[in-house]
Every structure is written in structure tokens, then in C-alpha cells.
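Per-entry structural report
Now for the letters of each chain:
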Amino acid sequence: MVRSRRIEHGLTQAEVAQRAQISQSALSRIEGGGGIPTLAMLDRLARAMGTTFTITVGQGVAA
């Protein structure tokens, strides 16, 4: 999801990493599935890309 959104916005890993104040290698790990980002990190990445992420938990609708 992170990689797709970055590419949609025409940004490089270096640009997003710099804006999110993380290393490019950390962003690469997240994009490659080698790291599980916290919600705070996803927020930083979304802000760095000028976008939002929607996270769905579970399969059903909450009652």
C-alpha cells in the first residue's frame, strides 16, 4: 500500500524518507514487507506523501 501510493504520487523513496524523517532503507523495508510500521509511522508516511491510508481490521462490519 505504501509503495503503490508513493508511486501514484510520483515520489521517490528518497523524497518520502526525507519528508518522513526516516532512512531510505527503513522505507524500503516497509515497502518490501520486511517491517511492520506502527500507526504513527503510517501517519508520518501519509503526511510525507500528502495522502491518507485507510486501515480495515477484520472481515465484518462492526455492530
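Read on for an overview of the structure.

How each quantity is defined
- Residues numbered from 1 in each chain as written.
- Predicted model: local features only at pLDDT ≥ 70, side-chain atom pairs only at ≥ 80, totals over all residues.
- Heavy atoms only, no water.
- Core = buried A, V, L, I, M, F, W, Y, C linked by side-chain atoms within 4.5 Å.
- Buried < 20%, exposed > 50% of the residue type's maximum accessible area, 1.4 Å probe, protein only.
- Helix = DSSP H or I, 4+ residues; strand = E, 2+ residues; numbered from the N terminus.
- Polar contact = N/O pair within 3.5 Å; in protein donor to acceptor, adjacent residues only side chain to side chain.
- Contact = heavy atoms within 4.5 Å.
- Arc of directions from axis to C-beta.
- Patch = residues over 30% accessible without salt bridge, like charges linked within 9 Å, V, L, I, M, F, W, Y side chains within 5 Å.
- Areas by Shrake-Rupley, 256 points an atom, 1.4 Å probe, with all protein chains shown as cover.
- Salt bridge = Lys/Arg side-chain N within 4 Å of Asp/Glu carboxyl O.

**Overview of the nonpolar core**
Val-2, Val-16, Ile-22, Leu-27, Leu-45, Met-49 and Phe-53 are the most contacted members of the largest nonpolar core, which has 15 residues in total. Listing elements by their share of this core, those giving two or more residues are α2 (13-20), α3 (24-31) and α4 (39-49).

**Observations regarding the side chain of Gln-13**
Here Gln-13 lies in helix α2. Classification of Gln-13 as buried rests on a relative accessible area of 17%. Within polar-contact distance, the side chain of Gln-13 engages the side chain of Glu-31 at 2.7 Å. If near-sequence neighbours (up to four positions away) are discounted, Gln-13 is found in contact with Arg-6, Gln-24, Leu-27, Ser-28 and Glu-31.

**Remarks on α4**
Those residues of α4 not exposed but buried are Met-41, Leu-42, Leu-45, Ala-46, Ala-48 and Met-49. For α4, the angular spread of the buried residues around the axis is 160°, confining them to a single face. Facing away from the buried side of α4 by over 90 degrees, the exposed positions are Leu-39, Ala-40 and Arg-47. Positioned one or two residues after α4, Gly-50 has a phi angle of 65°, which is positive.

**Overview of a nonpolar patch on the surface**
On the surface, a cluster of nonpolar side chains totalling about 460 Å² of accessible area is made up of Met-1, Leu-39, Ile-55 and Val-57. Along the chain, Val-57 falls in the segment after α4. Val-57 sits in the exposed class, given a relative accessible area of 71%.

**Some thoughts on the pattern of salt bridges**
On inspection of all chains with the given rule, the structure shows four salt bridges. Between Arg-3 and Glu-31 there is a salt bridge, with the nearest N and O atoms lying 3.7 Å from each other. Note that Arg-3 is positioned in helix α1 (residues 2-8) and Glu-31 in helix α3, a separation of 28 residues in sequence. Judged by its relative accessible area of 39%, Arg-3 is partly exposed. Ionic pairing is found between Glu-31 and Arg-6, a salt bridge with its closest N-O pair at 2.6 Å. Of this pair, Glu-31 sits in helix α3 while Arg-6 sits in helix α1, placing them 25 residues apart in sequence. Judged by relative accessible area, which is 10%, Glu-31 ranks as buried. Judged by its relative accessible area of 10%, Arg-6 is buried. Here the salt bridges do not stand alone but share partners, grouping Arg-3, Arg-6 and Glu-31 into one network.

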